[in-house]
Amino acid sequence: MSDTQSDIYLSWAEYDEKIEQLAVKIYRSGWEFNQILCLARGGLRVGDIFSRIFNKPLAILSASSYDDKVRRPRLTFAKSISMTTPTLGDKVLLVDDLVDSGMTLGQTIVWLNEHEHYDVSEIRTAVIWYKAVSIYVPDFYVDYLPDSPWIHQPFEKYEHMDIAKLAQK
């Protein structure tokens, strides 16, 4: 991981290592959960890897608070959770890549509690990066970032890729 102009840039290997470090923290905590719920898009890779490592079902909730690098004033949720199990587990590990303002994690917990048919009894949160500006403190995290830098993840290149130019290669 290198730090240039307060931004953080990660390679795929560094990104995978951070996810593994987060998994070990959760494992060592001794907390037992029966469902992983990841927030799309940022939490998809974390959720996928956790589902494989912990051998737990993965559910996905799409939520969006960003438009490029600009935070929107409100959070938008999908109408439902995508899952392959008949019901959502009652002990949910909610994962995302980072907590920035804290709005997404905080409002997701409210959203889950308002949707009683999911019957969740306990929710704990896990992220790779916890920024100091966040109003929400995650239960598990790898790095606390007091300066709240922008994080450039290895898949970021796809956000600016032109499919027509890629097809010409």
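Here's a quick rundown of the structure. (Residues numbered from 1 in each chain as written. Predicted model: local features only at pLDDT ≥ 70, side-chain atom pairs only at ≥ 80, totals over all residues. Heavy atoms only, no water.)

1. Describing the environment of Met103
Move 1: Note on placement: Met103 falls in helix H3 (residues 103-114).
Move 2: With a relative accessible area of 15%, Met103 lands in the buried category.
Move 3: A C-alpha to C-alpha distance of 7.4 Å links Met103 and Tyr136, two positions 33 residues apart in sequence. (Helix = DSSP H or I, 4+ residues; strand = E, 2+ residues; numbered from the N terminus. Buried < 20%, exposed > 50% of the residue type's maximum accessible area, 1.4 Å probe, protein only.)

2. Let's talk about unusual backbone geometry
Move 1: With an omega dihedral of 20°, the bond running from Ala40 to Arg41 counts as a cis peptide bond.
Move 2: By the element assignment, Arg41 lies in the loop between strand S3 (35-40) and helix H2 (44-54).
Move 3: Residue Asp119 is not a glycine yet carries a positive backbone phi of 50°.
Move 4: Considering the arrangement of structural elements, one finds Asp119 in the loop between H3 and strand S9 (122-131).
Move 5: Phi at Ser148 takes a positive value of approximately 50°, unusual for a residue other than glycine.
Move 6: Relative to the elements of secondary structure, Ser148 occurs in the loop between strand S10 (140-145) and strand S11 (151-152).

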